[in-house]
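# Structural features, examined
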Amino acid sequence: LLQGPKTRSKVYKALDSGRRAAAQEEVHGAEDFAQQWISHSMRLLKADTQGYPEGVLTKDVAVNVFCMIFEGGGLPEARTAEGGVPETGWHPWVSEALDAAYGAKTSKLKKVSATRATYGAAP
């Protein structure tokens, strides 16, 4: 999926740091954790690529990478046990979440933010 050692290293570091940052957040459920993980990872990747993450990770590849992680058991069991796994599967959800990270507007992310506000979690 990812070509070249420098590209793999940048993406791995962003995903690893993004996951650690998401674990520090007050989240409820798998979707909320996944949203935080994606958000933190993409913010870090944008910073590392001078605002152009597409140079190392296209949206299509990002969708595939996150789906492989989430479907392969990469989410914390505690968050998955709390629920929030998308009924339609991870692919459409991740694609929509990444639309926001790559600049497209979405309505679902606003719903996730509203859900976080309902549970009193920090945005």
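Residues numbered from 1 in each chain as written. Predicted model: local features only at pLDDT ≥ 70, side-chain atom pairs only at ≥ 80, totals over all residues. Heavy atoms only, no water.

Turning our attention to the overall build of the protein chain. When you go through the protein chain residue by residue, the secondary structure sums to six helices and zero strands. Overall, the protein chain shows an N-to-C arrangement of helices and strands of α-α-α-α-α-α. Classification of the 123 residues of the protein chain by burial places 41% in the buried group. In the protein chain, of all internal contacts separated by at least 6 residues, the share reaching a separation of at least 24 is 70%. Total accessible area on the protein chain stands at roughly 7,000 Å², and carbon and sulfur atoms take up 53% of it. (Helix = DSSP H or I, 4+ residues; strand = E, 2+ residues; numbered from the N terminus. Buried < 20%, exposed > 50% of the residue type's maximum accessible area, 1.4 Å probe, protein only. Contact = heavy atoms within 4.5 Å. Areas by Shrake-Rupley, 256 points an atom, 1.4 Å probe, with all protein chains shown as cover.)

Attention shifts here to helix α1 (residues 5-24). For α1, which comprises 20 residues, the first-to-last C-alpha distance of 29 Å matches the rise-based estimate of 28 Å (1.5 Å per residue) to within 8%. Within α1, the full set of buried residues consists of T7, V11, A14, L15, G18 and A22. Buried residues of α1, seen end-on, are gathered within an arc of 95 degrees and therefore sit on one face of the element. In α1, the exposed positions angled more than 90 degrees off the buried face are occupied by P5, K6, Y12, K13 and Q24. Tucked inside the fold, the buried residues of α1 contact α2 (29-48) and α3 (59-71). (Expected span 1.5 Å × (residues − 1). Arc of directions from axis to C-beta.)

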